[in-house]
Amino acid sequence: MPAPGPATPSVDKPMPIRTDHPLVWALGLGLLLFIIYLSNCRLIPAADAVPARYLPASVVHERDLDFNEFPRLYEEVNSYFLVQRGDRYLSKYPVLPGIMAAPVHLAAHLFSPDPDSDESLMTQEKWAASLFAALSAVFIFLIAARLSGLRAALIVTLIYGLGTTTFSTDSQALWQHGPSKLWLAASVYLLVRGRERPWLAGLSGASMGLAVMARPTNALIVIAVGVYLLIKQRRQVPLYII
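Residues numbered from 1 in each chain as written. Predicted model: local features only at pLDDT ≥ 70, side-chain atom pairs only at ≥ 80, totals over all residues. Heavy atoms only, no water.

Notes on a nonpolar patch on the surface
Put simply, the test is: Patch definition: residues above 30% relative accessible area lacking any salt bridge, with like charges linked at up to 9 Å and the nonpolar side chains Val, Leu, Ile, Met, Phe, Trp and Tyr linked at up to 5 Å. Per-residue and other accessible areas were derived by the Shrake-Rupley procedure at a 1.4 Å probe size, with only the shown protein chains allowed to occlude residues. For this document, the term salt bridge refers to a Lys or Arg side-chain nitrogen within 4 Å of an Asp or Glu carboxyl oxygen. Helix numbering and strand numbering both begin at the N terminus, where a helix is a DSSP run of H or I of at least 4 residues and a strand a DSSP run of E of at least 2.
Taken together, the side chains of Leu220, Ile221, Ile223, Val227, Leu230 and Ile231 define a hydrophobic patch exposed on the protein surface, amounting to about 590 Å² of accessible area. Looking at the element boundaries, isoleucine 223 is found in helix α11 (residues 219-232).

What follows is the structure in structure tokens.
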């Protein structure tokens, strides 16, 4: 018999990526939609979204929610998107979308030579709006994957992300709609997960609260979900309310 050769060192094979995992698909699809949303390289010039465009700079630099440092906004005749309270000029619309965009403004200081210019703030608004829209699609995918499987989730998410106002409106300017959909989708995801882990259903109330802060008319959805929990998971109602 031939003499045994030198022992071959064992090589640990890398673990294969689980392409069937919903989170991998969700993040990949979210990234794809984010790129598509940014691809037209333009922002819908909507006056309603102006406060959310400038508020991140005010939050980061002034640590407040007024626009006194931007006199060009309230000196315009048609600045209907602001209201004056004493000597302060405040947004007429909910401030949560602008607050949520503050991290985008912080990131802009790392890459933009003039992150506080009007042009840069418009670009940051587009990035923030596209990001929130894409993240809402991530939650839509995760919801659909749990209810109907990956293939159905892919179809549903593509319809949601490319065939609705999520693409044509929400991702193109920082209105209330994008952040509102993001928190609503997150809340529904927690409700779906709550069928396995009941405490998550209660935590969906936190997302619902943020959805209302982004768009007050979502209070009607809060009531509807509360009725659902009262029927299906009554023990979670106190946590949901809190």
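Still more ground to cover, so stick around.
Some remarks on helix α10 (residues 198-214)
An α-helical segment advances 3.6 residues per turn. Residues three or four places apart therefore align on the same side. Filter applied, for reference: A helix is expected to reach a length of 1.5 Å times the quantity of its residues less one. A 1.4 Å probe rolled over the protein chains alone gives each residue an accessible area, and that area as a share of the maximum for its type sets the label: buried under 20%, exposed over 50%, partly exposed in between.
Relative to the 24 Å expected for 17 residues at 1.5 Å per residue, α10 spans 26 Å between its end C-alpha atoms, a close match to the ideal helical length. All buried positions along α10 are accounted for by Leu200, Ala201, Gly202, Ser204, Gly205, Ser207, Met208, Ala211 and Ala214.

Regarding the packing of aromatic side chains
How we decide: The aromatic pairing rule takes the rings of Phe, Tyr and Trp, using the six-membered ring of Trp, and pairs them if the centres are within 6.5 Å, calling planes under 30 degrees apart stacked, those over 60 edge-to-face and the rest tilted.
With the rule as written, the count across this model stands at six aromatic pairs. Judged by centre distance (5.8 Å) and plane angle (55°), the ring pair of phenylalanine 139 and tyrosine 189 falls under tilted. Of this pair, phenylalanine 139 sits in helix α6 (residues 118-148) while tyrosine 189 sits in helix α9 (residues 177-193), placing them 50 residues apart in sequence. The exposure class assigned to phenylalanine 139 is partly exposed, which follows from its relative accessible area of 24%.

Side note on the packing of helix α1 (residues 22-38) against helix α7 (residues 150-162)
Quick reminder of the rule: Here an axis means a line fitted to C-alpha atoms, over the contact stretch when the element is a helix, while the angle between two N-to-C directions is reported on a 0 to 180 degree scale. Any angle that falls under 35 degrees is termed roughly parallel, while one over 145 is termed roughly antiparallel, one within 65 to 115 roughly perpendicular, and all others oblique. Helix crossings are classified by the rotation of the near helix relative to the far one: an anticlockwise turn of less than a right angle makes the crossing left-handed, while a clockwise turn makes it right-handed. Contacts: residue pairs with any heavy atoms within 4.5 Å of one another. Gly is put with the polar residues, along with every residue not named as nonpolar or charged; the nonpolar set is Ala, Val, Leu, Ile, Met, Phe, Trp, Tyr, Cys and Pro, and the charged set is Asp, Glu, Lys and Arg.
In contact at an axis separation of 11 Å, α1 and α7 are set at 20° when each is read in the N-to-C sense. Here α7 runs roughly parallel to α1, going by the angle between their axes. Read as a crossing pair, α1 and α7 show a hand that is right-handed. Counted together, Pro22, Trp25, Leu29, Leu33, Ile36 and Tyr37 of α1 and Leu150, Leu154, Thr157, Leu158, Gly161 and Leu162 of α7 form the full contact between these two elements. Here the contact of α1 with α7 is composed, by residue class, of 10 nonpolar, two polar and no charged.

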